[in-house]
Amino acid sequence: MQRTMLKSKLHRVRVTHSELDYEGSCAIDEALLDAADIREYQQIDIYNVNNGERFTTYAIRAERNSGVISVNGAAARKASPGDLLIIATYATYSEVELEKFKPQLVYVDAQNRIKDQRQAIPVQVSSQAA
């Protein structure tokens, strides 16, 4: 069996730019991409904490340590500067891979600088019936 699991998350990053006339994507500070193990052009899911919008796009690299989170193209209608976002990636894992699986979680301050970075503690599922 294969399961699709959360691979990485940028938690509560703040939108710095919203560029409607750009061709698309979400520009993310390169330091945040590295910390969350997100590659340029990788698919990302974005959850807007402020307005509840949820959408899918792809990541592009913004200048390292700039704090930039720019939602571009049509998605710019779903997020405004100052909005808080959760940016997530997912991957498919086999049951064997899941034995060592831990998503990468990145937490930031109000300027989108990394304040904490860790792997999630795996949830142990009991095989005993309740």
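Numbering of residues starts from 1 in each chain and follows the order in which that chain's sequence is written. Local features are withheld for residues below a pLDDT of 70 in this predicted model, meaning they are given only at 70 or higher, and side-chain atom pairs are given and counted only at 80 or more; totals for whole chains, interfaces and linings count all residues. Hydrogens and water are ignored here; the side-chain numbers use all heavy atoms of the structure.

### Concerning the UniProt feature "modified residue: Pyruvic acid (Ser)" (unreviewed entry) in the protein
Applied cut-off: UniProt positions are given in the numbering used here, feature names are shortened, and annotations may be inferred rather than shown by experiment. A run of H or I in DSSP counts as a helix once it spans at least four residues, and a run of E counts as a strand once it spans at least two, with each numbered from the N terminus. What makes two residues a contact is simply this: any of their non-hydrogen atoms within 4.5 Å.
Mapped onto this numbering, the UniProt entry annotates "modified residue: Pyruvic acid (Ser)" (unreviewed entry) at Ser25. For Ser25, the position within the fold is in the loop between β2 (17-19) and β3 (26-29). When residues no more than four places from it in sequence are discounted, the contact partners of Ser25 are Thr57, Tyr58, Ile60, Ser70, Val71 and Asn72.

### Points about the pairing of strand β8 (residues 104-108)
Note the following rule: Throughout this description, buried means an accessible area under 20% of the type-specific maximum (1.4 Å probe, protein chains only), exposed means over 50%, and partly exposed covers the range between. In this scheme, strands are said to pair when DSSP sees at least two bridges between them.
Of all the 5 residues making up β8, 5 are buried; the element is thus mostly covered by neighbouring parts of the structure. Going residue by residue along β8, you find Gln104, Val106 and Val108 tucked away on one face and Leu105 and Tyr107 tucked away on the opposite face as well. As paired elements, strand β1 (residues 2-14) and β8 share 4 bridges and run parallel to each other. Bridge assignment links Ser8 to a residue of β8, and that residue is Gln104. In this structure, β8 lies alongside strand β9 (residues 114-119), joined through 5 bridges in antiparallel fashion. When the bridges of β9 are listed, Tyr107 appears paired with Asp116. The antiparallel pairing of β8 with β9 creates a hairpin that spans 5 residues between the two strands, and Asn112 there sits at a positive phi of about 65 degrees.

### So, the nonpolar core
Put simply, the test is: Put simply, buried Ala, Val, Leu, Ile, Met, Phe, Trp, Tyr and Cys residues joined by side-chain atoms within 4.5 Å make one nonpolar core.
Counting residues in each nonpolar core, the largest one holds 22 residues, and the members touching the most others are Leu10, Ile28, Leu85 and Ile87. Among the elements of the structure, β1, β3, α1 (30-35), β4 (43-48), β5 (54-62), β6 (69-72), β7 (84-94) and β8 are those that each provide at least two residues to this core. Ranked by residue count, the leading element in this core is α1, at 3 residues. Once you skip the residues sitting within four places of it in the chain, Ile87 turns out to touch Ser8, Lys9, Leu10, Val13, Cys26, Ile28, Ile44, Asp45, Ile46 and Ile69.

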